[in-house]
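The lines below spell out each chain.
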Amino acid sequence: MRRFIPVVACTLLLAGPALLPALSRADLDRVIDFSVTLKGLSTAADSGAPIPKGKTVLLTGTVSDVNIVNKEQAGFKVRIELITGEWIGLDEVKSYYCYVEFSGAEYFKMFPARPPRTANRDLVSLNSRVLVAGRIVEVAATPLGARRVLLDGAYIRTIE
């Protein structure tokens, strides 16, 4: 049930304008926090500021790390690192990160253990640009001690 609401909300958003009149802005605002960005989450994690919990957030970014935690199809679990950045002046780039965990057999085929020979839009691999929907869980530490917001992923797809 916890994955049902975000998936339905994302499906309705992406399905097209024909379905949107049936869903009001207030309905979406109750489920999804559109004000949260990857930059905002990363900045809050670094500074120790409170992070918004409870609602689903939609983030875009590039997959910078894929760590398959459980390779068995029935209990499949993967943690990806999502990154985005912005130019500061003309010679510096500031990067923003978060972790997203996906659990369940439905993600088994989306995250291949080895990259395929031919490109496939249904697969998510290193350097894929993605749209992610998930709930904020906590702030987690990286192996080097940096802080990252951790999301419980409900939806992911590659974008161009």
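See above for the structure.
Residues numbered from 1 in each chain as written. Predicted model: local features only at pLDDT ≥ 70, side-chain atom pairs only at ≥ 80, totals over all residues. Heavy atoms only, no water.

### Here's the deal with the environment of Pro50
Argument step 1. Within the fold, Pro50 resides in the loop between α3 (38-47) and β1 (56-70).
Argument step 2. Accessibility expressed as a relative area gives 77% for Pro50, which makes it exposed. (Helix = DSSP H or I, 4+ residues; strand = E, 2+ residues; numbered from the N terminus. Buried < 20%, exposed > 50% of the residue type's maximum accessible area, 1.4 Å probe, protein only.)

### Some thoughts on the pattern of salt bridges
Argument step 1. For the structure on display, the rule yields 5 salt bridges.
Argument step 2. Through salt bridges with shared partners, a single network forms among Lys77, Arg79 and Glu101. (Salt bridge = Lys/Arg side-chain N within 4 Å of Asp/Glu carboxyl O.)

### Here we look at α3
Argument step 1. Among all positions of α3, only Leu38, Leu41, Ser42, Ala44 and Ala45 are buried. Each buried residue of α3 sits inside an arc of 160° when the element is viewed along its axis, so together they form one side.
Argument step 2. Looking at the buried side of α3, the elements it contacts are β1, β2 (77-88), β3 (92-103), β4 (129-141) and β5 (147-158). (Arc of directions from axis to C-beta. Contact = heavy atoms within 4.5 Å.)

### Points about the pairing of β3
Argument step 1. Pairing analysis gives 12 bridges linking β2 to β3, with the strands arranged antiparallel. When the bridges of β3 are listed, Leu82 appears paired with Cys98.
Argument step 2. Taken together, β2 and the strand that follows it, β3, pair antiparallel across an intervening segment of 3 residues, in which Gly89 is found at a positive phi of about 70°.
Argument step 3. Pairing of β3 with β5, which is carried by 3 bridges, proceeds in the parallel orientation. Of the residues in β5, the one forming a bridge with Tyr99 is Leu150. (Pairing = 2+ DSSP bridges.)

### Considering the sheet that holds β5
Argument step 1. Pairing is mixed around the closed barrel formed by 5 strands, whose spatial order is β1-β2-β3-β5-β4. Across the sheet, the axes of successive neighbouring strands diverge by a mean angle of 45°, strand direction being ignored. (Axes fitted to C-alpha atoms, helices over the stretch in contact; angles between N-to-C directions.)

### Points about unusual backbone geometry
Argument step 1. You will see that Asn127, though not glycine, has its phi angle at about 70°, which is positive.
Argument step 2. Along the polypeptide, Asn127 turns up in the loop between β3 and β4.

### Some points on the nonpolar core
Argument step 1. One finds Phe102, Phe111 and Ile156 to be the most contacted residues of the largest nonpolar core, which totals 27 residues.
Argument step 2. Mapped by element, the contributors of at least two residues to this core are α3, β1, β2, β3, β4 and β5.
Argument step 3. Setting aside residues up to four positions removed in sequence, Ile156 forms contacts with Ile80, Phe102, Tyr107, Met110, Phe111, Val124, Val130, Leu131 and Val132. (Core = buried A, V, L, I, M, F, W, Y, C linked by side-chain atoms within 4.5 Å.)

### Some words on the pairing of β1
Argument step 1. As paired strands, β1 and β4 are joined by 7 bridges and run antiparallel to one another. Bridged to Gly61 within β4 is Val130.
Argument step 2. Judged from the 7 bridges that link them, β1 and β2 form a sheet pairing that is antiparallel. Across the sheet, Asp65 pairs through a bridge with Glu81, a residue of β2.
Argument step 3. Counting the residues between successive antiparallel strands, the hairpin from β1 to β2 contains 6 residues.

### Concerning the packing of aromatic side chains
Argument step 1. Enumeration according to the criterion identifies 4 aromatic pairs in this entry.
Argument step 2. With 5.7 Å between their ring centres and 90° between their planes, Phe76 and Phe108 make a pair best called edge-to-face. Note that Phe76 is positioned in the loop between β1 and β2 and Phe108 in the loop between β3 and β4, a separation of 32 residues in sequence.
Argument step 3. Ring centres of Phe76 and Phe111 lie 6.5 Å apart, and the angle between their planes is 25°; this geometry places the pair in the stacked category. With Phe76 in the loop between β1 and β2 and Phe111 in the loop between β3 and β4, this pair connects stretches of sequence that are 35 residues apart. Take Phe76 and Phe111: they sit in the same class, and that class is buried.
Argument step 4. Lying across the ring of Tyr99, Arg79 places its NZ or CZ 4.7 Å from the centre.
Argument step 5. Here Arg148 stacks its cationic end above the ring of Tyr97, 4.1 Å away from the centre of that ring. (Phe/Tyr/Trp six-rings, centres within 6.5 Å; stacked < 30°, edge-to-face > 60°. Lys NZ or Arg CZ within 6 Å of the ring centre and 35° of its normal.)

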